[in-house]
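Structure assessment
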Amino acid sequence: MSEGTDRRILDRIGEMVEAERVLREQLAAGRIDPEVEQQRLHELEAELDQCWDLLRQRRARADAGEDPNLAAVRSVEDVERYES
C-alpha cells in the first residue's frame, strides 16, 4: 500500500513538472501572457511543495517504523513556513 501511494504522489509530481514546462512553452510562444503564467506557476509550485512535503512525511514515518498512511497533506502556509 505504501509504495503504491508513494508512486501516485511521484506520478502527480511528474504531471505538475510537465505542466510547468508546458506553461513556459506557451509563454515563449505568446499563447499566454506573463500574468497567467505566473499565477498558474505559483499554484503549481504550492501544490508541488505540498506533494514533496507529504512524500517526506511518509518516508520519515516508514523509516521510523510508523504507518506512512498517517501522514497528511499540510496547508500551503504550513509547508511554506516549514521550508523557510
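Residues numbered from 1 in each chain as written. Predicted model: local features only at pLDDT ≥ 70, side-chain atom pairs only at ≥ 80, totals over all residues. Heavy atoms only, no water.

A separate point is the overall build of the protein. Secondary structure summary: the protein contains three helices and zero strands in total. Relative to its length of 84 residues, the protein is extended, with a C-alpha radius of gyration of 15 Å against a globular reference of 12 Å. The principal-axis extent of the C-alpha atoms belonging to the protein is close to 50 × 25 × 15 Å. Out of the 84 residues belonging to the protein, those deemed buried represent 27%. When contacts within the protein are restricted to residue pairs at least 6 apart in sequence, long-range pairs at least 24 apart make up 59% of them. Each charge class in the protein was averaged separately, 13 positive and 22 negative side chains, and the resulting centres sit 3 Å apart. (Helix = DSSP H or I, 4+ residues; strand = E, 2+ residues; numbered from the N terminus. Rg over C-alpha atoms; globule rule 2.2 N^0.38 Å. Buried < 20%, exposed > 50% of the residue type's maximum accessible area, 1.4 Å probe, protein only. Contact = heavy atoms within 4.5 Å. Lys, Arg positive; Asp, Glu negative; His and termini not counted. Charge placed at Lys NZ, Arg CZ, Asp CG, Glu CD.)

One turn of an α-helix holds 3.6 residues; hence residues three or four places apart share an orientation. Along its 27 residues, helix 1 (residues 2-28) runs 39 Å from first to last C-alpha, staying within 8% of the 39 Å computed at 1.5 Å per residue. Looking at the buried positions of helix 1, the neighbouring elements they touch are helix 2 (34-63). Trailing helix 1 by a residue or two, Gly 30 shows a phi angle of about 80 degrees, which is positive. (Expected span 1.5 Å × (residues − 1).)

Within the structure shown, the criterion is met by ten salt bridges. It is possible to trace a salt-bridge network through shared partners that takes in Arg 12, Glu 15 and Glu 47. (Salt bridge = Lys/Arg side-chain N within 4 Å of Asp/Glu carboxyl O.)

This next bit is on the nonpolar core. Formed by Ile 9, Ile 13, Met 16, Leu 23, Ile 32, Leu 41, Leu 44, Leu 48, Cys 51, Leu 54, Leu 55 and Ala 71, the largest nonpolar core amounts to twelve residues. Secondary structure elements with two or more residues in this core: helix 1 and helix 2. Among the elements that take part in this core, helix 2 stands out by supplying six residues, more than any other. The residues touching Ile 13, leaving out its near neighbours within four places in the chain, are Leu 48, Cys 51 and Trp 52. (Core = buried A, V, L, I, M, F, W, Y, C linked by side-chain atoms within 4.5 Å.)

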